Amino acid sequence: MWPLLLRAAVIYAALLAAGEADGSHDVLDIFGTRSESDYYRNAFQGRQGQAVPLPRGGGLRREQQELGAAGPGGSGLSKAPPRSAPSKVALDSLKLPVDTSAGFAGGWNLVSENSGVSAMHLVVMRHGKAIMFDTCTTGRSLMRLPPGRCRPDPRSKQPGAMDCWAHAVEFDYNTGALRSLKIVTDTWCSSGAFDADGNMVQTGGFFEGDKSVRYLSACGTCDWKEYGTQLVLPDGSFIVIGGRRAFSYEFVPAAGRANARATPLRLLRDTTDDVENNLYPFVNLLPDGTLFIFANDRSIVFNYRTGQVVRELPILPGGARNYPASAMSTLLPLDLRKGAGLSAEVIICGGATKNAFKLGETGTFPPALRDCARINPSKPGARWALDQMPSGRVMGDVLILPTGDLLMLNGAAKGCSGWGFGRQALLSPVLYSPYLRRGKRFRVLNPSNIPRMYHSTSALLPDATVLVAGSNTNSAYNFSGVDFPTEVRVERFTPPYLGPQLSPNRPAIDAASVPGDGMRYGARFTFRFTTPAQGVGQGDVKVTMYAPPFTTHGYSMNQRLLILPVTAFAAQGQRHTVTVDAPPKPELAPPGYYMGYVVAKGVPSKAAWVKMHK
């Protein structure tokens, strides 16, 4: 079983609404009396929400067309309803002073006016498409399913009722083209990762979806496959940690199989408070094969093979960091050029005060946390090292860029996660350079004009730009009469390294030179690339490989970037041949597909998809 786990070697960070992990009711569970409505409070600020409007005129026939499946030959995409004028709350956004001292400070462009669904969950797959999906809980989306593809609606009071609206789409991030996907069970606040063959394995959700495992392959005609399972004993390729009222972990079973029960994890129970604050724990696979697990304000190093806690780490003071406090976190790049001196650090930035959710219930929205903390979990006596962001941020995303810098974007400066619990949308992305000295690591970039609050997402694309989507602070698709309308617009952000003045340095990988059998552990890997200008030497070149994550609720699960040792380099004018050492073991780079980049003089190429395997 353990070799199987290491073969997939990706870690699910937990489900928000997984339900009871072992099916039992614990009288010590302080959340037993909290109702589903807790998560809807503040969604409309005392007003009725406006769902997607039905067309006027045409009577019953028009209404049936609107509620029914897409017509023959139609895409099923509905026009996005007009937005109402921004409210006073919406206008209270934050744009930070842009730092142009290093030149181009990034740029935004609109990829699509209407993605059909709001991207609560987002992942980039190797066939050139992104998968976006939300939840069946919010009701109708803006895209219908094809005829004959409707799903039974288990929540309807009408016997035999069908839901003919798409809750997932395949999105072409180059053209904006959409293909609807059919999800059978509710995916609200679920989790996911890729297996060794590049298939997405997606778990949990809410209502009828809380025990489901779903699979999606990378192809232009593939659709979701779903399997039901009960939770727990080790049998599968992934580990799921936590969830609402789930103080436990389990291994995802193989397709069609089921677990009997969950294994308790004391950290999750000990870090639970009256508003939870430990959902979607931060989980990272460390180079020695242990796991770093962070929940609320505490963390451990955990040996999943033995079920033992290897090390308890110091408390991170200042507030809470997991949902609904929702800080940003990732494993910093692993620089394999350092060999035995490799250091694996985790960074956690922002979050909220521990009482932010309860204050939000009374209409009070405290400032988000501003600190950024780093720690080496494997180091005995490790301590958190603190830095300060240009502003506090909650509900943000952090992505590792091909250069090894981090991009922080989306979110708010006040409040916390939850429908209607965030205020002062933070429109300015921030670049974080982990290798600079403290106090010099942050650079404010050009802002977007679209607030991205609760349920917003982002993803690094193969061309080294960033896809930004989602945001829905409402319990349905609402476009007027609310402070933050449901967001179906999709943007692309161009980081500073793709500025016009740097274009002469941009390398291009020769796809024909990339070995078709992928990269084997501990082996040499040789390929070619070109640059527009001559004079690029070995010291100017860095080769990185990026594991594409599953992003939801401000956390990009399984995200990691490795910097590979360059062992041979040859230049002939604008043509270059480079040889790198592949990662020596799956604990450093779990098997699967990675985006491989060449970075020349700080400018990344477009990625080549490379399979990592034995």
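Residues numbered from 1 in each chain as written. Predicted model: local features only at pLDDT ≥ 70, side-chain atom pairs only at ≥ 80, totals over all residues. Heavy atoms only, no water.

*Asks:* Give me the lowdown on the nonpolar core, citing residues and values where you can.
*Replies:* The biggest cluster of nonpolar side chains holds 82 residues, and the ones touching the most others in it are Met200 and Leu562. No other element matches the four residues that strand β37 (residues 541–547) contributes to this core. Counting contributing residues per domain, this core is built from domain 1 (86–498) and domain 2 (503–612), each supplying no fewer than three. If near-sequence neighbours (up to four positions away) are discounted, Leu562 is found in contact with Leu334, Leu336, Val543, Thr544, Met545, Pro583, Leu588, Ala589 and Tyr594. Judged by nonpolar contacts, the second largest core, of 59 residues, contains Ala105, Met143, Tyr173 and Phe479. (Core = buried A, V, L, I, M, F, W, Y, C linked by side-chain atoms within 4.5 Å. Buried < 20%, exposed > 50% of the residue type's maximum accessible area, 1.4 Å probe, protein only. Helix = DSSP H or I, 4+ residues; strand = E, 2+ residues; numbered from the N terminus. Domains from an automatic or database assignment. Contact = heavy atoms within 4.5 Å.)

*Asks:* If you had to explain the pairing of strand β43 (residues 592–600) to someone new, which residues and values would you point to?
*Replies:* Across the nine residues of β43, eight count as buried, placing the element largely inside the fold. Pairing analysis gives six bridges linking β37 to β43, with the strands arranged antiparallel. Looking at the pairing, Tyr546 lines up with Met595 of β43. Where β43 meets strand β44 (residues 603–604), two bridges bridge the pair, whose relative direction is antiparallel. Pairing of Ala600 across the sheet is with Val603, part of β44. (Pairing = 2+ DSSP bridges.)

*Asks:* Can you lay out the pattern of salt bridges for me, pointing to particular residues and giving the numbers?
*Replies:* Taken as a whole and judged by the stated rule, the model has 17 salt bridges. Here Glu587 and Arg305 are joined by a salt bridge, their closest N and O atoms 3.7 Å apart. Placement of Glu587 in the loop between β42 (575–581) and β43 and of Arg305 in the loop between β18 (298–303) and β19 (308–312) is noted, with a sequence separation of 282 residues between them. Between Glu345 and Arg374 there is a salt bridge; the shortest N-O distance is 3.0 Å. Remark: Arg374 occurs in strand β23 (residues 371–375) and Glu345 occurs in the loop between β21 (334–335) and β22 (346–349); sequence separation between them is 29 residues. For Glu345, a relative accessible area of 22% gives the class partly exposed. The exposure class of Arg374 is buried, given its relative accessible area of 10%. By sharing partners, the salt bridges in this structure join Arg83, Glu487 and Arg489 into a single network. (Salt bridge = Lys/Arg side-chain N within 4 Å of Asp/Glu carboxyl O.)

*Asks:* Tell me about the sheet that holds strand β26 (residues 406–409), and please be specific about residues and values.
*Replies:* Across the sheet, four strands lie side by side as β25-β26-β29-β30; this open sheet has antiparallel pairing. Strand pairing shows two members of the sheet lacking a second neighbour, β25 (397–400) and β30 (442–444), which therefore form its edges. Strand-to-strand, the axes of this sheet are offset by a mean angle of 25°, without reference to chain direction. (Axes fitted to C-alpha atoms, helices over the stretch in contact; angles between N-to-C directions.)

*Asks:* Quick one: what's the story with the sheet that holds β42, residue by residue and with numbers?
*Replies:* The strand order across the open sheet formed by four strands is β34-β36-β42-β41, and the pairing between neighbours is antiparallel. Looking at which strands have only one partner, the edges of the open sheet turn out to be β34 (508–509) and β41 (566–572). Bridge count for strand β36 (residues 524–530) against β42 is seven bridges, and the pairing is antiparallel. Bridging from a neighbouring strand, Thr530 pairs with Arg575 of β42.

*Asks:* Which residues make up unusual backbone geometry, and what values do they have?
*Replies:* Cis geometry is adopted by the peptide bond preceding Pro324, which originates at Tyr323 and carries an omega value of 5°. Note that Pro324 resides in the loop between β19 and β20 (328–331).

*Asks:* Outline the state of the cysteines, supporting the account with residue identities and numerical values.
*Replies:* Applying the stated criterion across every chain yields a total of three disulfides. In this model Cys150 forms its disulfide with Cys164; the gap between the sulfur atoms is 2.1 Å. The disulfide joining Cys150 to Cys164 has a torsion of about 105° about its S-S bond and is therefore right-handed. Here Cys150, found in the loop between β4 (130–133) and β5 (151–152), pairs with Cys164, found in the loop between β6 (162–163) and β7 (168–171); they are 14 residues apart in sequence, far enough to count as distant. Of the residues examined, Cys150 reaches a relative accessible area of 15% and is grouped as buried. With a sulfur-sulfur separation of 1.8 Å, Cys219 is cross-linked through a disulfide to Cys222. With the S-S bond torsion at 115°, the cross-link from Cys219 to Cys222 turns out right-handed. When its relative accessible area of 22% is taken as the criterion, Cys219 is described as partly exposed. (Disulfide = S-S within 2.5 Å.)

*Asks:* Describe the confidence of the model for the protein, and please don't skip the residues or the numbers.
*Replies:* Mean pLDDT over the protein: 85, with 84% of residues reaching 70 or higher. Scored below 50 in pLDDT, residues 1–68 shows 206 contacts in the model against residues more than four places distant or in partner chains. Low pLDDT, under 50, characterises residues 227–236; the predicted model gives this stretch 55 contacts beyond four residues in sequence or across chains. (pLDDT = per-residue confidence, 0-100.)

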